[in-house]
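Spelled out from the first residue to the last, the chains are:
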Amino acid sequence: MIPGVRIAKADTTGAGDSLVAGLVAALLRGDEPVAVAKYAVAAAASTLGRPGGRPDLTRESLARQLALIDDALR
């Protein structure tokens, strides 16, 4: 199980699409299953904090979310 990231949610629009995009990107990179799941959750979390379904899928944003996920897993 991968924990959700606690963030201020602005809008859920696009979070599922971002989750799938993160999943596909990590699978295409050949990541291991746990890393794929973490990347997908990070992509969804990066979208939840923005209104209107406009994702923030930059490397910086995804790295911040991945760090939060790693902290939650410890």
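Along each chain, numbering runs from 1 in the same order as the chain's sequence is written. Local features in a predicted model are, by the rule used here, given only for residues with pLDDT of at least 70; side-chain atom pairs are given and counted only at 80 or more, and totals for whole chains, interfaces and linings are based on all residues. Only heavy atoms go into the side-chain values, all of them from the structure, while hydrogens and water stay out.

As annotated in an unreviewed UniProt entry, the protein chain is Sugar/nucleoside kinase (Ribokinase family) from Catenuloplanes nepalensis.

Participant: Account for the overall build of the protein chain, with residues named and values stated.
Facilitator: Every helix listed is a DSSP run of H or I at least four residues long, and every strand listed is a run of E at least two residues long, numbered separately from the N terminus. For the protein chain, the count of helices and strands is three helices and zero strands. Along the chain direction, N to C, the helices and strands of the protein chain fall in the order α-α-α. In this setup the radius of gyration rests on C-alpha atoms only. A globule is expected at 2.2 Å times the number of residues raised to 0.38. Taking 11 Å as the expected radius of gyration for a compact globule of 74 residues, we find that the protein chain reaches 11 Å, a close match to that expectation. Taken along the three principal axes of its C-alpha coordinates, the protein chain extends 30 × 25 × 20 Å. Only protein chains enter the accessibility calculation, which uses a 1.4 Å probe. A residue is then buried if its area is under 20% of the maximum for its type, exposed if over 50%, and partly exposed in between. A burial count over the protein chain gives 31% of its 74 residues as buried. Sequence separation of at least 24 residues holds for 68% of the intrachain contacts in the protein chain that already meet a minimum separation of 6. Note on areas: Shrake-Rupley, 1.4 Å probe, and residue coverage restricted to the protein chains presented here. Counting every atom, the protein chain has about 4600 Å² of accessible surface; 59% of that belongs to carbon and sulfur. When charges are counted, neither His nor the chain ends are considered; positive counts come from Lys and Arg and negative counts from Asp and Glu. A single reference atom marks each charge: NZ on Lys, CZ on Arg, CG on Asp, CD on Glu. In the protein chain, which carries 9 positive and 8 negative side-chain charges, the distance between the mean positions of the two groups comes to 4 Å. Any pair of residues with heavy atoms lying within 4.5 Å of one another is described as a contacting pair.

Participant: Any chance you could break down the nonpolar core for me, citing the residues and the numbers?
Facilitator: Side-chain atoms within 4.5 Å link the members of a nonpolar core, which is a set of buried Ala, Val, Leu, Ile, Met, Phe, Trp, Tyr and Cys residues. Formed by Val5, Ala26, Val36, Tyr39, Val41, Ala42, Ala43, Ala45, Leu62 and Ile69, the largest nonpolar core amounts to 10 residues. Residue contributions to this core peak at six residues, all from helix 2 (residues 33-48). Dropping the residues within four chain positions of it, Ala26 is found in contact with Asp31, Val36 and Tyr39.

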